[in-house]
Amino acid sequence: MNVNQSAPPVPPFGQPQPIYPGYHQSGYGGQPGSTAPPTPYGAYNGPVPGYQQTPPQGMSRAPPSSGAPASTTQAPCAQPTYGQFGQGDVQNGPSSTVQMQRLPGSQPFGSPLAPVVSQPAVLQPYGPPPTSAQVTTQLAGMQISGAVAPAPPTSGLGYGPPTSLASASGSFPNSGLYGSYPQGQAPPIGQAQGYLGVQTPQRSAPSQASSFTPPASGGPRMPSVTGPLLPGQGFGGPPVSQPNHVSSPSPQALPPGTQMTGPPGPPPPMHSPQQPGYQLQQNGSFGPARGPQPNYGSPYPGAATFGSQPGPPQPLPPKRLDPDAIPSPIQVIEDDRNNRGTEPFVTGVRGQVPPLVTTNFLVKDQGNASPRYIRCTSYNIPCTSDMAKQAQVPLAAVIKPLARLPPEEASPYVVDHGESGPLRCNRCKAYMCPFMQFIEGGRRFQCCFCSCINDVPPQYFQHLDHTGKRVDAYDRPELSLGSYEFLATVDYCKNNKFPSPPAFIFMIDVSYNAIRTGLVRLLCEELKSLLDFLPREGGAEESAIRVGFVTYNKVLHFYNVKSSLAQPQMMVVSDVADMFVPLLDGFLVNVNESRAVITSLLDQIPEMFADTRETETVFAPVIQAGMEALKAAECAGKLFLFHTSLPMAEAPGKLKNRDDRKLINTDKEKTLFQPQTGAYQTLAKECVAQGCCVDLFLFPNQYVDVATLSVVPQLTGGSVYKYACFQVENDQERFLSDLRRDVQKVVGFDAVMRVRTSTGIRAVDFFGAFYMSNTTDVELAGLDGDKTVTVEFKHDDRLNEESGALLQCALLYTSCAGQRRLRIHNLALNCCTQLADLYRNCETDTLINYMAKFAYRGVLSNPVKAVRDTLITQCAQILACYRKNCASPSSAGQLILPECMKLLPVYLNCVLKSDVLQPGAEVTTDDRAYVRQLVTSMDVAETNVFFYPRLLPLTKSPIESTTEPPAVRASEERLSNGDVYLLENGLNLFLWVGASVQQGVVQSLFSVSSFSQITSGLSVLPVLDNPLSKKVRDLIDSLRAQRSRYMKLIVVKQEDKLEMLFKHFLVEDKSLSGGASYVDFLCHMHKEIRQLLS
Ligand SMILES: [Zn+2]
């Protein structure tokens, strides 16, 4: 099926070919104008009552010329009422003066947030405030010390040569290209003096220098204008993107022995009295470190993962950057919350960077899709491909077409254009949207994507106002909103037939393992009530979804649960090689009609198999059977598979145990991520054609080959859940919670997504859980509100600053009630001729989301080391390009990061040391395959917390405080042994208890009298009637509610053996598997950048 209508020879679903001559109805939207009373919203046949019931406030439909600018519209929570929309900014006009600037978010990085481990040592060294002159001297003295301390040979590290200019998203070069680079001595850094000449510090008070013993006037600030500005550098206005200066360690600083962890020791005596410490805490500038180039080459415990040769012996103890002086994720998140969490994000202005995903904000759709639907790596695209190549910033959009919205925001309106169907461009088939330009008095419109001039069908004609805007623009979602839906006509349906409502088939493994663990009994009991909560649409009283049941071990059992039966009937199919569905009538039923039979079946299943000794299972035939059943019923649907073991029974899709940890760090490691047979891809393809989405719940006791079993879920838009060593007592809450959510969530079935772009760029690559049989159409047997499709764009022509770039994502799908719909999201981006504009409008969280997905796909076909090297190289190139083209002139010894990307190194390091790219000894092959495919469809908020977990101190803030405690950085040195912390990453949840926690706290939380009595590994906190217990349990509930999967709690005691597991998530620290600490990685990145620049 094609959303794309560019005349394929034999359209699979029948192509709507919008020709508009023969319109007979006089009204639009299927309402005969003569009979239906004209209503202002007649064209909308949407299920969203708010649209019709909420009159435009005061009927103040703004005349086109007098619309208020986007930023002055009204209250955050108001229902969208078209009349109030400010005009003028909806169209993609030039990015005018109303464009919101990215707020000056940059604060001193170092300031540890609120309650952190006190670090007196950090506070002491700062002497009296330096004078301006001192600042420059100091800067000069702080250059990274490549010349002084010989840079350790990097050959053992295996970081890729910075010179291999991999394209932003090209294929991985073969590993041969990724040899270690020569023992690059960092260039001597004597150039610093040049800096002196241009630096004229103008301000002396950092905006927040709270964490540093405040010199009377604060630390010196870097000048906001330094020397000759490069074009587009834009320091003039509000400090939008001050470059960040990280001066790497000064050669003369710390005495040997300063350790990597724990609070920094006392500061070294400064060689020069003129060096009052560092903290050039200005926008984006962070202090120098105190040692020479930290020992990036130090032998990581898992050195093998960094390359084949072990690192050289370590000559000197490490000296390091002050962690407080490098960009802090916590600070950036906090700043964005403070700056952007108070006002709604109004989408009327082109190219606006939305608030961070970690900020709570409301969205008002005024012509561009909400960031909940689409987030981009940059909101300002280079005009030429040369610029884009130079910058190496991937241009990508992370799209979540069916994203769930907070209750305050209205779901997209459904527009019904009657028999004629949605209005589209005749040439490129783009759908009517706010960016289409009406001309010739409204009789024609010019397509904003391909410039084709189209006739306006008579029913759709409307006059234009003096600005050229249709006078009904604000009555029509498709002319005024970024996101809306169209009811699809029969032309958009398979076989030119409106679809039947979808079906759910529950397919339950009843082999010995499943019975023994109590899984089958638990599941059957749960289904009895859960079936009352199948997704339904709008105000429907009951769900239209039909259900069916299959159990299996190495044969399949189908059940007839027809309402007229007194008892369910079982039919066994043992010929798994040639799967067929033994019954049609009575297999898929309405829950309410067949309730008694279904309940009886679910009561009987655990009993029937209670004494089974069958340990073997099949897998592919189960999927095949479900798919055939949907095919026979001529509907789309979803299979819920509950499976326990490696399918070794003789049958199609039979697997063998091929797990081999010895392959890690070899060129064959990629095979661990690849399916062991192509059978599942073939099966998945058939499923997609049928609109059969597969959700897989795995309960393995050992290796089950997740890489192979997840192929069908992955290609059909389904989900995989894994409960290793499942035990009812310990895991039922997690499993049932996931199951309930999964069964109830709204899903679009039998979907096709197409992303159209305006001339000059086009979608070239896609990431996510879907299938593609051509290069443009993303086919999704099912798509739920949690899943994203990531799209990468490339230039195919020059872009124009004035017209910008447009994206239109169209998703054709069948709703839970069987309605065929199109959901449209539009987004306009700016285009730039200055690289600085690109760097000023980037979104690092989205960039990391893209880079992680790119890397996680890369491991399927490349050595993991090559994948890591590619990421490092690309990151270095991005930052080097900024340094070269956008940053103010300064010495080579300074690491300068763009404001919007100052967290790129820390986040990228988290990706590099993730289990997929650098596994620890405890991580299984199945874990890696599981995480790999999970990340593939994660949204930006999920990857953000997954790679950089949230660490929340629980006993620092007043107990009465109702807000979430401010997070601290994910590092051991931020933990105080007198406190309790929660750590979450969207999949895991830990409660860490310090060894010196007050006895009262222990009593309040655990109801035991001392630390030693706390049970390590506890997964449920006792329900105690005291404020602290309540607060912590509420917080845990609230964290769980924010995530799409249930996070099981693990209580970890300081110094307990479980703590190793917990420390794995302290991602700023060096990891046991050899992953670099943040500080070390930043220094390494700096070196890479300098090599690129030299
Ligand atoms: Zn067009």
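Residues numbered from 1 in each chain as written. Predicted model: local features only at pLDDT ≥ 70, side-chain atom pairs only at ≥ 80, totals over all residues. Heavy atoms only, no water.

Draft legend 1. Focus on the overall build of the chain. Looking only at helices and strands, the chain has 25 helices and 30 strands in total. Counting across all 1094 residues of the chain, residues that qualify as buried make up 63%. Relative to all contacts within the chain whose residues are 6 or more apart in sequence, the contacts with residues 24 or more apart total 76%. Taken as a whole, the chain presents about 37,900 Å² of accessible surface, with 54% of it coming from carbon and sulfur. (Helix = DSSP H or I, 4+ residues; strand = E, 2+ residues; numbered from the N terminus. Buried < 20%, exposed > 50% of the residue type's maximum accessible area, 1.4 Å probe, protein only. Contact = heavy atoms within 4.5 Å. Areas by Shrake-Rupley, 256 points an atom, 1.4 Å probe, with all protein chains shown as cover.)

Draft legend 2. The arrangement of the pairing of strand E22 (residues 778-784) in detail. The buried fraction of E22 is high, at seven of seven residues. One ladder, built from six bridges, connects strand E20 (residues 747-757) with E22; its direction is antiparallel. Looking at E22, one finds that valine 747 is bridged to aspartate 784. (Pairing = 2+ DSSP bridges.)

Draft legend 3. View of unusual backbone geometry. Phi is positive for glutamate 634, close to 50 degrees, though the residue is something other than glycine. Structurally, the position occupied by glutamate 634 is in the loop between helix H11 (620-632) and strand E17 (637-643). What makes glutamate 634 exposed here is its relative accessible area of 54%. Even without glycine at this site, cysteine 725 takes up a positive phi of about 50 degrees. Within the fold, cysteine 725 resides in the loop between strand E19 (720-722) and helix H15 (728-744).

Draft legend 4. Up close: the packing of helix H17 (residues 844-858) against helix H21 (residues 940-947). H21 packs onto H17 with a crossing angle of 80 degrees between their chain directions and a minimal axis gap of 9 Å. One finds that H17 runs roughly perpendicular with respect to H21. Between H17 and H21, the contacting residues are Asp845, Thr846, Ile848, Asn849, Ala852 and Tyr856 on the first element and Val940, Thr943, Asn944 and Phe947 on the second. Counted by class, the contact of H17 with H21 contains five nonpolar, four polar and one charged residues. (Axes fitted to C-alpha atoms, helices over the stretch in contact; angles between N-to-C directions. Parallel < 35°, antiparallel > 145°, perpendicular 65-115°, else oblique. Nonpolar A, V, L, I, M, F, W, Y, C, P; charged D, E, K, R; others polar.)

Draft legend 5. Structural context of the sheet that holds strand E11 (residues 453-455). Here we have three strands laid out as an open sheet, ordered E9-E10-E11, and antiparallel in their pairing. Two strands close off the open sheet at either side, each with one partner strand: strand E9 (437-439) and E11. Taking the axes of each pair of neighbouring strands and ignoring which way they run, one obtains an average angle of 35 degrees across the sheet. Strand direction decides the pairing type here: strand E10 (residues 444-446) and E11, joined by three bridges, are antiparallel. Note that in E11 the partner of phenylalanine 445 across the bridge is asparagine 454.

Draft legend 6. Examining the nonpolar core more closely. Counting 147 residues, the largest nonpolar core has Leu556, Phe558, Tyr839, Leu917, Leu982 and Leu991 as its most contacted members. If you tally residues by element for this core, the top one is helix H18 (residues 864-885), at eleven residues. Sequence-distant contacts of leucine 982, that is, excluding residues within four places in its chain, are made with Arg950, Leu951, Leu952, Leu954, Leu989, Phe990, Leu991, Leu1035, Ile1036, Leu1039 and Leu1049. Leu523, Val561, Phe609 and Phe726 belong to the second largest nonpolar core, which has 44 residues in total. (Core = buried A, V, L, I, M, F, W, Y, C linked by side-chain atoms within 4.5 Å.)

Draft legend 7. Highlighting the coordination of the zinc ion. The zinc ion binds to the protein through Cys425 (SG), Cys428 (SG), Cys447 (SG) and Cys450 (SG), with metal-donor distances spanning 2.2 to 2.3 Å. Given four donor atoms and angles of 103 to 115 degrees at the metal, the environment of the zinc ion is assigned as tetrahedral. As a motif over one chain, the donors of the zinc ion read C-x2-C-x18-C-x2-C. In this pair, cysteine 425 sits in the loop between strand E8 (414-415) and E9 while cysteine 450 sits in the loop between E10 and E11, placing the two residues 25 residues apart along the sequence. (Donors = N, O, S within 2.8 Å, 3.2 Å for Na, K, Ca; no water. Tetrahedral: all angles 85-135°; square planar, octahedral: opposite > 155°, others 65-115°.)

Draft legend 8. Local environment of the packing of H18 against helix H25 (residues 1078-1093). Contact geometry of H18 with H25 gives a least axis separation of 8 Å together with a crossing angle of 60 degrees. In this structure, the crossing between H18 and H25 has a hand that is right-handed. Contact with H18, carried on its side by Ile872, Cys875, Ala876, Gln877, Leu879, Ala880, Arg883 and Lys884, involves Phe1081, His1084, Met1085, Glu1088, Ile1089, Leu1092 and Leu1093 of H25 and no other residues of that element. A per-class count over the contact of H18 with H25 returns ten nonpolar, two polar and three charged. (Left-handed = near helix turned anticlockwise from the far one by under 90°.)

Draft legend 9. Region of interest: the side chain of serine 971. On the secondary structure map, serine 971 appears in the loop between strand E27 (950-953) and strand E28 (980-984). Accessibility expressed as a relative area gives 4% for serine 971, which makes it buried. One polar contact links serine 971 to aspartate 1069, side chain to side chain, over a distance of 2.7 Å. Setting aside residues up to four positions removed in sequence, serine 971 forms contacts with Leu951, Leu1066, Glu1068 and Asp1069. (Polar contact = N/O pair within 3.5 Å; in protein donor to acceptor, adjacent residues only side chain to side chain.)

Draft legend 10. Focus on the packing of aromatic side chains. By the definition in use, this model includes 31 aromatic pairs. An angle of 55 degrees between the planes, with centres 5.7 Å apart, marks the rings of phenylalanine 558 and phenylalanine 587 as tilted. One end of the pair, phenylalanine 558, is in strand E15 (residues 556-560); the other, phenylalanine 587, is in the loop between strand E16 (569-573) and helix H10 (595-608), and 29 residues separate them in sequence. Phenylalanine 587 shares its class with phenylalanine 558; the two are buried. (Phe/Tyr/Trp six-rings, centres within 6.5 Å; stacked < 30°, edge-to-face > 60°.)

Draft legend 11. Examining a nonpolar patch on the surface more closely. Together, Met570, Val572 and Met608 line one region of the surface with nonpolar side chains, adding up to about 240 Å² of accessible area. By secondary structure assignment, the location of methionine 570 is in strand E16. Owing to a relative accessible area of 33%, methionine 570 belongs among the partly exposed residues under this scheme. (Patch = residues over 30% accessible without salt bridge, like charges linked within 9 Å, V, L, I, M, F, W, Y side chains within 5 Å. Salt bridge = Lys/Arg side-chain N within 4 Å of Asp/Glu carboxyl O.)

Draft legend 12. Representation of the sheet that holds strand E29 (residues 988-993) in the model. If you walk across this open sheet you meet the four strands as E27-E28-E29-E30, and the pairing is mixed. At either margin of the open sheet sits one strand with a lone partner, and together these are E27 and strand E30 (1048-1053). The average angle at which neighbouring strand axes cross in this sheet is 20 degrees, direction not considered. Sheet topology places E28 next to E29; five bridges connect them, and they run antiparallel. The residue of E29 that forms the bridge with leucine 983 is phenylalanine 990.

So far we have only geometry, and geometry alone does not tell us how the molecule works.
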